[in-house]
Amino acid sequence: MIPEEVHTKRATVVGGARSGRAVARLLAEAGGEVFLTEQDAPSGGTAAALNAAGIEYEFGGHTADALDADFLVLSPGVPTQATIVQRALRAGLAVYSEIEAASWFCDAPIVAITGTNGKTTTTSLTGHVLRTAFADAPDREVIVAGNIGYPFSDCVLDAEPTDVVVLEVSSFQLDHVDTFRPRVSVVLNITPDHLGRYDHDFGAYAQAKHNIFCNQGEGDVVVYNRDDGDVRGAAEQAAAEQGVRPMAITRKEVPAAGAGLRDDRIVLRTDEEDDPLMPQNELALRGRHNVYNSLAAAVSARVMEVENDVIRESLSGFEGVPHRLEEVCTVGGVLYVNDSKATNVNAVWYALESFDRPIVLIAGGRDKGNDYTDLKPLVRDQVRAVVALGESAETVVRELGAEADVHHRADTMEAAVRQARHAAQPADVVLLSPACSSFDMYENYEDRGDTFRRLVETML
């Protein structure tokens, strides 16, 4: 759809959370007739804001009024399986995601980043590199948005053609794209997660991720993890069938196009020539997974014509993102690390692999049907103690407790931090890396991480 068509259409936005409200405002500002439907009660001030924007709405459930529309736009939290969405599809209504609708209004090039793990870090890092590059260019802005916490719809009208938009996009946001076409797409990895949303079909989940490059073609680039078989196959097929330029990232030899390692140095190859960038050990972010994240950011920035010296400076000076291997402080020789964003087993695997000293692991929350098998060797080799927290504490103890020297259960984060402190020895790491969602005890993973950080800082 083109923006000029919006004012002739009636749109129903399903979901009244932040992204839903943002896209409703965007469509209304574009002259469309907009109706917002939300199954829960409105949060404070929401109704007044919608009234001010001229948006009709209903809360407390979805009525037939929601289907009186030309198309639906879904907030990311609304699954395709929702009754209102299924009714719309059966009625032949078009259904779009929030990023799809926002993209109709975007003339700036988009760097879009997805993956099961690492997308927030890579999005933040890519934005940091580009902002460093454009610091002396007052006519160029870098907009970082999407799943990272700032809805695309809230910023798209501010983007000029000379700007760059860096988007973190989740599988949920990619479920209903139609014309969304990034200049650069990045796929970091795909491992099982959120499978309940996809009828426990990993292939359906992976396909949602692959939608990031489904509309790309000549002149576009897909940056992909060549060491992930699923990602490699899909990206290289898209390159062969759609004409998109493939640029690989790998921890192995330097690829024909992209970035890799040679003699522990990062080497870019973007124009058929090797371009040594920097030693791997000068990267600001620790861990093997962050090598991939850094390579992806470097290649994306290079495609956007950022010079190597800026990329090098940015990768070595980046301070990371909150709640992802965030070093809180050192108390009594013990380093406390907040990895609250690790809400699946694969993310915890990466976290454990990032340290070469004993770890006291705080894990647990609302389990998503985790299979902890891959963690057991790492726990056995590196974890001094496991502190199991929250709704899944019994599961964590059963699966991982015997792999560590000792294990404990905790009913609160305060108790977990106290038990971890007693179990840790000087030079150890106390790592909050839950492998579970936060919704048993907290509003979100940020709330959980903030609580951990606050409790640790009181020990100073």
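About the cut-offs
Residues numbered from 1 in each chain as written. Predicted model: local features only at pLDDT ≥ 70, side-chain atom pairs only at ≥ 80, totals over all residues. Heavy atoms only, no water. Helix = DSSP H or I, 4+ residues; strand = E, 2+ residues; numbered from the N terminus. Expected span 1.5 Å × (residues − 1). Buried < 20%, exposed > 50% of the residue type's maximum accessible area, 1.4 Å probe, protein only. Contact = heavy atoms within 4.5 Å. Core = buried A, V, L, I, M, F, W, Y, C linked by side-chain atoms within 4.5 Å. Disulfide = S-S within 2.5 Å. Polar contact = N/O pair within 3.5 Å; in protein donor to acceptor, adjacent residues only side chain to side chain. Pairing = 2+ DSSP bridges. Axes fitted to C-alpha atoms, helices over the stretch in contact; angles between N-to-C directions.

On to helix α6 (residues 119-133). In this model α6 runs 21 Å from its N-terminal to its C-terminal C-alpha over 15 residues, within 8% of the 21 Å that 1.5 Å per residue would give. For α6, a buried count of eleven out of 15 residues is recorded, marking the element as mostly surrounded by other parts of the structure. Within α6, burial applies to K119, T120, T121, T122, T123, S124, L125, T126, G127, V129 and L130. Those residues of α6 hidden inside the fold are in contact with β6 (110-114), β7 (142-146), β8 (164-168), α9 (202-210), α11 (288-303) and α12 (308-317).

It is worth spelling out the nonpolar core at this point. Among the nonpolar cores identified, the biggest contains 54 residues, and L27, F152 and V165 are the most heavily contacted of them. Residues in contact with F152, not counting those within four places in the same chain, are E98, I99, A102, S103, C106, I110, A145, G146, V165 and L167. Formed by 42 residues, the second largest nonpolar core is a distinct cluster that contains L125, V164, V166 and V321.

In this section: the state of the cysteines. On inspection of all chains with the given rule, the structure shows zero disulfides. This cysteine, C155, is not joined by any disulfide, and C106 carries the nearest cysteine sulfur, 7.8 Å off. By relative accessible area, C155 is classed as buried at 2%.

What follows deals with the environment of T250. Mapped onto the secondary structure, T250 falls in the loop between β11 (245-249) and β12 (258-262). With a relative accessible area of 0%, T250 lands in the buried category. Separated by 36 residues in the primary sequence, T250 and R286 have C-alpha atoms spaced 16 Å apart. The residues touching T250, leaving out its near neighbours within four places in the chain, are R226, D227, P255, A259, G260, L261, Y292 and L295. A polar contact of 2.9 Å, which involves the side chain of T250, links it to the backbone nitrogen of K252.

On to the environment of A351. Within the element layout of this structure, A351 appears in helix α13 (residues 345-353). Setting aside residues no more than four positions away along its own chain, A351 makes contact with L325, D339, L431 and S433.

Let us look at the sheet that holds strand β19 (residues 406-410). Taken together, six strands build an open sheet; the order of strands is β15-β16-β20-β17-β18-β19 and the sheet is mixed. Taken across any chain shown, the strands that pair with only one partner, and hence form the sheet edges, are β15 (326-331) and β19. Across the sheet, the mean angle from the axis of one strand to that of its neighbour is 20°, orientation sign disregarded.

Bringing the side chain of T121 into the picture now. Relative to the assigned elements, T121 resides in helix α6. Residue classification places T121 among the buried positions, given a relative accessible area of 6%. Among residues more than four places away in sequence, those in contact with T121 are L285, N290, N293, F318, V321 and R324.

Considering the arrangement of structural elements, one finds E403 in the loop between α15 (393-400) and β19. Separated by 2.8 Å, the side chains of E403 and R380 make a polar contact. Beyond its immediate sequence surroundings of up to four residues, E403 is in contact with K376, V379 and R380.

Right, let's get into the sheet that holds strand β4 (residues 71-74). The strand order β3-β2-β1-β4-β5 describes an open sheet built from five strands, whose pairing is parallel. Where the open sheet ends on each side, the last strands, each with one partner, are β3 (56-59) and β5 (94-97). Taking the axes of each pair of neighbouring strands and ignoring which way they run, one obtains an average angle of 20° across the sheet. As defined by bridge partners, strand β1 (residues 10-14) adjoins β4 across four bridges and the pair is classed as parallel. Opposite T12, over in β4, you have L72 as the bridge partner. Lying over the sheet, helix α3 (residues 46-53) contacts β2 (33-38) and β3, oriented at roughly 160° with respect to β3.

Moving on to unusual backbone geometry. Note on backbone geometry: most residues besides glycine have negative phi, and most peptide bonds are trans. Even without a glycine there, the phi angle at H323 is positive, about 70°. Its location among the elements puts H323 in the loop between α12 and β15. Among the residues examined, H323 registers a relative accessible area of 5% and is labelled buried. A positive phi is found at A427, a non-glycine position, where the angle reads about 85°. Examined against the element boundaries, A427 turns out to sit in the loop between α16 (413-423) and β20 (429-432).

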